[in-house]
Amino acid sequence: MGRPLETSSSESLTVRDNRTGKTYNIPIVDNSVSATAFKAISAPAKPNEREESGTEKGLRVADKGFLNTAVIQSEITYIDGEAGVLRYRGYPIEQLALHSSFLETAYLLIYGSLPTKDQFRVFETEVLHHSIIHADAEEFFRSFRYDAHPMAILTSAFAYLGSYYSEANPSLQGRQWQTLFTKGDKASLANMDKQIFRLIGKATTLAAMAYRIRQGRDFVIPPTGLSYTGSFLYQMDHLGEENYVPNPVLCKALDVLFLLHADHELNASCTTVLQTGSSLVDPYSAIAAGCASLYGPLHGGANEAVIRMLISIGSPANVPAFIEAVKRREKVLSGFGHRVYKTTDPRSYIIRKTADEVFKVTGRDELLETAMALHDAAMKDEYFTKRRLYPNVDFWSGLIYRAMGFPMDFFPVLFAVPRVVGWLAHWRQMMLQEGGVKIWRPRQIYVGAGKRDYVPMAERESSLVNSDPKKTPSTVPHSGMTKRTMLASYRGKSKL
Ligand SMILES: CC(C)(COP(=O)(O)OP(=O)(O)OC[C@H]1O[C@@H](n2cnc3c(N)ncnc32)[C@H](O)[C@@H]1OP(=O)(O)O)[C@@H](O)C(=O)NCCC(=O)NCCS
């Protein structure tokens, strides 16, 4: 905690509050200072100061968009955005992509070390065993409209899945079951791991069912004897052929892509999972929340946006005009830029190589030439280099998915399925941290109206009515209303 200065250690920050003249000494631990230490710094309110400023209640630390706020201690993933370094549990992503597999890396992310042969066999068996879902779930998938976005289906499906597992529901199992291992309860850890096996195992099943419902295909039972990605491809593509085995080059490419997407420390969706999980809700609800967060175009939706952008550009000849439009801020170069990486995302080199392997069996994607021209033009252009905007993981991945024949709106699903692993690794770590889990409840800087008294509707002067369009409801057309209905009269019809 920050305290008025007595002695200053070299591992500390000395802060002088010029409002009061007081000096505070704030310890630096792991190259960080505690935001709560700043709360000890307070000053008397100035005359006429808004009570909402809370000056006497302590200094606040503002960080809109979490640009420099660490919310947890983690042992899972390390990123050096300046140097383009990504390591899972200390292992460079390049080595893992070359030598490991998605499921082995999943074990590494969740449990902290590479598994022995026996440990891996048990883990793989558990995950694949848990790929089957209750037959009733078919009705759930059939309840969606034929053109429902697969991410809407997947997001809902994770929350739906939780309804089957009362032992994971804190309302039924006890409000803190997920954290009880820290108090010596081994059964709670086994319960947690069972949910982890289920969620990883069933992620491909739910995703494949979302795929099949869109294609008008009946569902299949997950196969035995295939790898994780082999099983996933089988579940999407099998139409009853005998001895159906997915293409091994495509299985391997998808496995590498899954490994690269498995974790990326505290991105928006992982933070969402932890924030949601911090209320000690069940992990299915937390994963559903992560899925929703991932779907945004600034995050996992970017791979879909890249392909739409490439289609709109059309050919390499149109790249210069597109770049100029980006510079005029009329367009965004999807697949470029990253909050953490200020150089090329290390995963994008591996994905570019994987794309060539895939193109050998599928044929080159017709958008590749445009993508390469766009990439090269942006890498040379001062607008991008000055802002340190370089390709991220999404720039090339969409081209592979397209070459493999996936519809564009399925791309974010192909990101979400492997990211379930990273979300669960962080969720498990948080639940097992010493001292339990604190609910994630940030603060705000309140800049709204000061205290005012209610005015009855009949007495409201027009000067009191806000005409700012941001502060009044919009007039919206009613698409389902026909002229006939509008001309009809009926009981309860609004007189407006
Ligand atoms: C990823 C992203 C959200 C990071 O956002 P951020 O860290 O908040 O960065 P900012 O939005 O502050 O960008 C800094 C500057 O670069 C510009 N910029 C960032 N990404 C850009 C892009 N893809 N195309 C064009 N300009 C971009 C911003 O306009 C801003 O310019 P300014 O300083 O002149 O106003 C952002 O780069 C982006 O939208 N990229 C495209 C979407 C994408 O590929 N997302 C996947 C991420 S893995």
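Worth saying up front: this structure is predicted, and the values here are computed from it rather than measured.

### A look at the overall build of the protein chain
Within the protein chain one finds 19 helices and six strands. C-alpha extents for the protein chain along the principal axes are approximately 80 × 75 × 60 Å. The 496 residues of the protein chain split such that 44% are buried. In the protein chain, of all internal contacts separated by at least 6 residues, the share reaching a separation of at least 24 is 68%. Surface summary for the protein chain: the accessible area is close to 27,300 Å², and the carbon and sulfur share equals 53%.

### Some points on unusual backbone geometry
For leucine 280, which is not glycine, the phi torsion reads 70 degrees and is therefore positive. With respect to the secondary-structure elements, leucine 280 resides in the loop between helix 10 (268–277) and helix 11 (283–294). Classification of leucine 280 by relative accessible area gives buried; the value is 13%. Unusually for a residue other than glycine, arginine 388 sits at a positive phi of about 55 degrees. Considering the arrangement of structural elements, one finds arginine 388 in the loop between helix 16 (382–386) and helix 17 (394–403).

### Things to note about the sheet that holds strand 4 (residues 77–80)
Taken together, the three strands give an open sheet; going across it, the order is 4-5-6, and neighbouring strands pair in antiparallel fashion. Strand pairing shows two members of the sheet lacking a second neighbour, strand 4 and strand 6 (91–92), which therefore form its edges. For strand 5 (residues 85–88) and strand 6, the ladder comprises two bridges, and the chain directions are antiparallel. Looking at strand 6, one finds that arginine 87 is bridged to proline 92.

### A few points about the site of the ligand
Around the ligand sit 17 residues, and of these Arg329, Leu333, Gly335, Arg339 and Asn392 come closest. Contact distances for the ligand include 2.9 Å between an oxygen atom and a backbone N or O atom of glycine 335. Within the complex, the protein chains bury 67% of what would otherwise be the 870 Å² of accessible surface of the ligand. Taken together, the residues of the shell around the ligand break down into eight nonpolar, five polar and four charged.

### A closer look at the pattern of salt bridges
For the structure shown, the criterion picks out 20 salt bridges. Between arginine 142 and aspartate 218 there is a salt bridge, with the nearest N and O atoms lying 3.3 Å from each other. Separated by 76 residues along the polypeptide, arginine 142 in helix 4 (residues 137–142) and aspartate 218 in the loop between helix 7 (186–215) and helix 8 (228–237) bring together distant segments of the chain. Overall, aspartate 218 belongs to the exposed group, its relative accessible area being 51%. Between arginine 352 and aspartate 356 there is a salt bridge whose closest N-O contact spans 3.2 Å. Of this pair, arginine 352 and aspartate 356 are both found in helix 14 (residues 346–362), four residues apart, which corresponds to roughly one turn of the helix. Three or more residues are tied together by salt bridges with common partners; here these are Glu138, Arg142 and Asp218.

### Digging into the pairing of strand 2 (residues 12–17)
The sheet contact formed by strand 2 and strand 3 (residues 22–27) spans six bridges and is antiparallel. Its bridge partner being in strand 3, leucine 13 is matched across the sheet by isoleucine 26.

### A short note on the packing of helix 7 against helix 11
To describe two helices that pack against each other, one gives the angle between their axes and the distance between the axes. The N-to-C vectors of helix 7 and helix 11 enclose an angle of 40 degrees; their axes lie 11 Å apart at closest approach. Judged by the inter-axis angle, helix 7 sits oblique to helix 11. Crossing hand, helix 7 versus helix 11: right-handed. Across the interface between the two elements, Gln195, Arg198 and Leu199 of helix 7 pack against Pro283, Tyr284 and Ile287 of helix 11. Taken together, the residues of the contact of helix 7 with helix 11 break down into four nonpolar, one polar and one charged.

### Regarding the packing of aromatic side chains
Overall, the coordinates contain 24 aromatic pairs when judged by the stated rule. Where tyrosine 164 meets tyrosine 165, the ring centres are 6.3 Å apart and the plane angle is 50 degrees; that geometry is what we call tilted. Both rings, one in tyrosine 383 and one in phenylalanine 384, keep their centres 5.1 Å apart while their planes meet at 75 degrees; by these two values the pair is edge-to-face. Assigned by exposure class, tyrosine 383 and phenylalanine 384 land together as buried. A cation sits over an aromatic face here: arginine 352 above tryptophan 396, 4.9 Å from the ring centre. Geometry around tyrosine 383 places arginine 387 over its ring, the cationic atom sitting 3.9 Å from the centre.

### Quick word on the UniProt feature "active site" (unreviewed entry) in the protein chain
The UniProt record marks His338 and Asp394 with the feature "active site" (unreviewed entry), using the residue numbering of this structure. Despite a sequence span of 57 residues, these residues sit close together in the fold, their greatest C-alpha distance being 10.6 Å. Within the secondary structure layout, histidine 338 lies in the loop between helix 13 (319–327) and helix 14. From its side chain, histidine 338 meets the backbone nitrogen of valine 340 in a polar contact 2.9 Å long.

### A short note on a positive patch on the surface
A surface patch of positive charge is lined by Lys39, Lys57, Arg60, Arg441 and Arg443. Note on placement: arginine 60 falls in the loop between strand 3 and strand 4. Of the residues examined, arginine 60 reaches a relative accessible area of 37% and is grouped as partly exposed.

Rules behind the numbers
- Residues numbered from 1 in each chain as written.
- Predicted model: local features only at pLDDT ≥ 70, side-chain atom pairs only at ≥ 80, totals over all residues.
- Heavy atoms only, no water.
- Helix = DSSP H or I, 4+ residues; strand = E, 2+ residues; numbered from the N terminus.
- Buried < 20%, exposed > 50% of the residue type's maximum accessible area, 1.4 Å probe, protein only.
- Contact = heavy atoms within 4.5 Å.
- Areas by Shrake-Rupley, 256 points an atom, 1.4 Å probe, with all protein chains shown as cover.
- Pairing = 2+ DSSP bridges.
- Near = heavy atom within 4 Å.
- Polar contact = N/O pair within 3.5 Å; in protein donor to acceptor, adjacent residues only side chain to side chain.
- Nonpolar A, V, L, I, M, F, W, Y, C, P; charged D, E, K, R; others polar.
- Salt bridge = Lys/Arg side-chain N within 4 Å of Asp/Glu carboxyl O.
- Axes fitted to C-alpha atoms, helices over the stretch in contact; angles between N-to-C directions.
- Parallel < 35°, antiparallel > 145°, perpendicular 65-115°, else oblique.
- Left-handed = near helix turned anticlockwise from the far one by under 90°.
- Phe/Tyr/Trp six-rings, centres within 6.5 Å; stacked < 30°, edge-to-face > 60°.
- Lys NZ or Arg CZ within 6 Å of the ring centre and 35° of its normal.
- UniProt positions renumbered as here; feature names shortened; annotations may be inferred.
- Patch = residues over 30% accessible without salt bridge, like charges linked within 9 Å, V, L, I, M, F, W, Y side chains within 5 Å.
- Lys, Arg positive; Asp, Glu negative; His and termini not counted.
- Charge placed at Lys NZ, Arg CZ, Asp CG, Glu CD.

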